[in-house]
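Residues per chain, in single letters:
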Amino acid sequence: MAGPLTVYRVESVGVRMPSADGPREILRDVTFAVATGEIVGIVGRSGAGKTTLLRVLGGLHSPTCGSVSIFGRPVTRPPDGVVMVFQDYGNALLPWRTVARNTALGIERNVGRAARRAKVDRALQMVGLSDRSSDYPEQLSGGMAQRVQIARALAVEPAVLLMDEPFGALDALTKSALQDVLLNVHQQTGTTIVFITHDLDEAIYLSDRVVVLNGEPGVVVLTIETELPRPRDQFDTRESARYLEVRHLLGRALRGDDD
Ligand SMILES: Nc1ncnc2c1ncn2[C@@H]1O[C@H](COP(=O)(O)OP(=O)(O)O)[C@@H](O)[C@H]1O
Ligand SMILES: [Mg+2]
């Protein structure tokens, strides 16, 4: 993949971190690319280096070796147009601010009042929280709180959304509802999305491409195009022959089978 359609190009990235018994290798020789408008899921077990990889993409951590570029430019600090949604959404919202004012957090300094309001309204509408705009975080369920965090990211109108296990702590029904919220947002905005998950089914259901990280240090053991049609459906998609085929291949890769 080359040219303007490439958002991220990650080449032979390695990360080492200091530990009590000397430098520890966290990621080794990680290579993949992300095209404009794609949803890419990175799946792996706990400890495989997923969060570290997302921090590298977000310019929060420099790789020890290899290179990462975004829109053809090296990532050296948090790039413009990239917004991260963190795992720990319970702490991401400011408890003394309403939903609307939490959503506005990323656009307060450089967007005028009227435009800000329009962007906040639109973002809340996309995540289905228009009627909660004057609530406070303590009045929200976990799923709603995570939707506010997503709305906050959307209000910035980012080119790229990076998400670390966005639905990891939610119950199964809330999780599948939010997966569909995210797919709807993607359909409306075309935002490029890279997300991390330890849930194989979530990776397949959401993604155009799934990257499997395995081992310690984490290496890419498989990259697969899901080739599942959009719009997707929680039942039809998950019951399709292609879905099961992809699931089989990814499951084997995660388990560490040779073939
Ligand atoms: N700042 C750090 N310093 C040292 N080791 C770290 C640091 N951050 C993460 N690690 C180690 O890197 C490994 C991968 O962590 P992480 O990227 O959080 O994995 P995952 O998100 O897949 O669970 C873990 O063993 C973790 O202890
Ligand atoms: Mg993690």
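Residues numbered from 1 in each chain as written. Chains lettered and ligands numbered in written order. Predicted model: local features only at pLDDT ≥ 70, side-chain atom pairs only at ≥ 80, totals over all residues.

**Observations regarding the site of ligand 1**
Then step 1. As a matter of local geometry, ligand 1 sits amid Met-17, Ser-19, Ile-26, Gly-44, Ser-46, Gly-47, Ala-48, Gly-49, Lys-50, Thr-51 and Thr-52.
Then step 2. Considering every element that reaches the shell around ligand 1, the biggest residue donor is helix α1 (residues 50–57), with three residues.
Then step 3. When its residues are assigned to classes, the shell around ligand 1 shows three nonpolar, seven polar and one charged. (Near = placed C-beta within 6 Å. Helix = DSSP H or I, 4+ residues; strand = E, 2+ residues; numbered from the N terminus. Nonpolar A, V, L, I, M, F, W, Y, C, P; charged D, E, K, R; others polar.)

**Topic: the sheet that holds strand β8 (residues 192–197)**
Then step 1. The strand order β6-β7-β8-β3-β9-β10 describes an open sheet built from six strands, whose pairing is mixed. Each edge of the open sheet carries a strand with a single partner, namely β6 (82–85) and β10 (219–225). Averaged over neighbouring strand pairs, the angle between their axes works out to 15° when direction is ignored.
Then step 2. Relative to β10, strand β9 (residues 209–214) runs antiparallel, the two sharing six bridges. By the bridge assignment for β10, Val-211 is matched with Thr-223.
Then step 3. Of the strands in this sheet, β3 (39–43), β9 and β10 touch helix α8 (residues 241–255), which is tilted by about 180° from β10. (Pairing = 2+ DSSP bridges. Axes fitted to C-alpha atoms, helices over the stretch in contact; angles between N-to-C directions. Contact = placed C-beta atoms within 7 Å.)

**Notes on the environment of Arg-45**
Then step 1. Mapped onto the elements, Arg-45 comes out in the loop between β3 and α1.
Then step 2. By the C-beta count within 10 Å, which is 14 here, Arg-45 ends up partly exposed.
Then step 3. Considered as a pair, Arg-45 and Leu-170 are 125 residues apart in the sequence and their alpha carbons are 18 Å apart. (Buried ≥ 20, exposed ≤ 12 C-beta atoms within 10 Å, placed from the backbone.)

**Quick look at helix α4 (residues 142–155)**
Because each turn of an α-helix spans 3.6 residues, side chains separated by three or four positions in sequence point in the same direction.
Then step 1. Between its first and last C-alpha, α4 extends 20 Å over 14 residues, near the 20 Å set by a 1.5 Å rise per residue.
Then step 2. Counting buried positions over the 14 residues of α4 gives 11, a clear majority of the element.
Then step 3. Looking only at α4, the buried set comprises Ala-145, Gln-146, Arg-147, Val-148, Gln-149, Ile-150, Ala-151, Arg-152, Ala-153, Leu-154 and Ala-155.
Then step 4. Residues of α4 that are buried make contact with β6, α2 (99–103), α3 (113–126), β7 (160–164) and α5 (172–189). (Expected span 1.5 Å × (residues − 1).)

**Looking at the packing of α3 against α4**
Then step 1. At a minimum axis distance of 8 Å, the contact between α3 and α4 shows a crossing angle of 135°. Considering their axes alone, α3 and α4 lie oblique with respect to each other. In this structure, α3 meets α4 at a crossing whose hand is right-handed. Here Lys-119, Val-120, Ala-123, Leu-124 and Met-126 of α3 come into contact with α4, specifically with Ala-151, Leu-154 and Ala-155.
Then step 2. Of the residues that constitute the contact of α3 with α4, the class distribution is seven nonpolar, no polar and one charged. (Parallel < 35°, antiparallel > 145°, perpendicular 65-115°, else oblique. Left-handed = near helix turned anticlockwise from the far one by under 90°.)

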